[in-house]
Amino acid sequence: MVEENKEQEKVEIQDPEEMAGQEVSGSDPIRDVEEEAVPETNEDVTRKTEGEVSQETEEEGEDVRDQTSGEKDSKDKKDKKDKKNKKDKKDTKIQELEDRLLRNMAEFENFRNRSEKEKAGMFEMGAKSVIEKLLPVVDNFERGLEMIPEEEKGSGFVTGMAAVYKQMTDSLEELGVTPIEAVGKEFDPNLHNAVMHEEDEEQGANLVVEEFQKGYRYHDTVVRHSMVKVVN
């Protein structure tokens, strides 16, 4: 019994050493957990923080660049649109001014043509009125020269009258006044005024055979119709 107790004590004494040996040679689970759970150092935290901040800064920079680029594109589009609108308004204004100028030029041209036509008409009316007053004087000269006896036609008085008559008719001709041909021509109511009619089978129908008063024309306007006799 004493020997068994000694062996048990020996065993119990040796157990702590073995346990110590086991502790030295084996792995401690608690120590392993503690080693795994070792907190990060300040440098690690700083590097991690700097990396995250750098990444966030880059992402924010990209966002800002994208936003800035979008705003710039939008601004460029808006500027182009504004320039286009301004250009369209300017072109429209220029077109309106050109149209107004063309209308004014056309109106002025019409006014000038109308004024010239009215002025020419007024001048023609005035000239016609003066010519109508001069024609009786010409008629009297012609009648006077026709009534001169044959023996007096060479006198100075008759020669002077003939010279004045010629000067007057030449001046009227220079102004555009010309006599209307009547005798031997077909009757034209636009030029002739028939005051007598007679029957003559030998003469052609509707033919002027005699002129009682000479007619005159101012350019293309009849100042006075010829007074004639017509055969049927």
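Residues numbered from 1 in each chain as written. Predicted model: local features only at pLDDT ≥ 70, side-chain atom pairs only at ≥ 80, totals over all residues. Heavy atoms only, no water.

> Account for the environment of Val230, with residues named and values stated.
Topologically, Val230 is positioned in strand E6 (residues 226–231). What makes Val230 buried here is its relative accessible area of 1%. For the pair Val230 and Glu211, spaced 19 residues apart in sequence, the C-alpha separation works out to 9.3 Å. (Helix = DSSP H or I, 4+ residues; strand = E, 2+ residues; numbered from the N terminus. Buried < 20%, exposed > 50% of the residue type's maximum accessible area, 1.4 Å probe, protein only.)

> So what's going on with the layout of surface pockets? Which residues, and what values?
Approximately 180 Å³ is the volume attributed to the largest pocket. Every residue along the wall of the largest pocket is listed here: Asp139, Glu142, Arg143, Glu146, Glu211, Phe212, Gln213 and Lys214. Mapped onto the lining of the largest pocket, the elements with two or more residues apiece are helix H3 (42–147) and strand E3 (207–213). Examining the composition of the lining of the largest pocket, we find that four residues originate from one element, H3, more than from any other. Across the lining of the largest pocket, the residue classes tally to one nonpolar, one polar and six charged. (1 Å grid on protein atoms, 1.4 Å probe; cavity = no way out; pocket = protein on both sides within 12 Å on 5 of 7 lines; lining within 4 Å. Points joined across faces, edges and corners; volume = space filled by probe spheres on them. Nonpolar A, V, L, I, M, F, W, Y, C, P; charged D, E, K, R; others polar.)

> So what's going on with the sheet that holds E3? Residues and values would help.
With mixed pairing, three strands are arranged side by side in an open sheet as E2-E6-E3. Sheet topology places strand E2 (192–198) and E3 at the edges, where each strand pairs with a single neighbour. Here the average twist between neighbouring strands, direction ignored, is 35°. For E3 and E6, the ladder comprises five bridges, and the chain directions are antiparallel. Residue Leu207 lies in a different strand from E6, and its bridge partner there is Val231. (Pairing = 2+ DSSP bridges. Axes fitted to C-alpha atoms, helices over the stretch in contact; angles between N-to-C directions.)

> An account of the sheet that holds strand E4 (residues 216–218) is requested, with residue identities and associated values reported.
Across a sheet, strands are paired by hydrogen bonds formed along the backbone, either parallel or antiparallel in direction. Strand order in this open sheet of three strands is E1-E4-E5, and the pairing throughout is antiparallel. At either end of the open sheet lies a strand with only one pairing partner, and these are strand E1 (177–179) and strand E5 (221–224). Taking the axes of each pair of neighbouring strands and ignoring which way they run, one obtains an average angle of 35° across the sheet. Taken together, the three bridges between E1 and E4 define a ladder with antiparallel strand orientation. Note that in E4 the partner of Thr178 across the bridge is Arg217.

In short, shape yes, function no, at least from these values alone.
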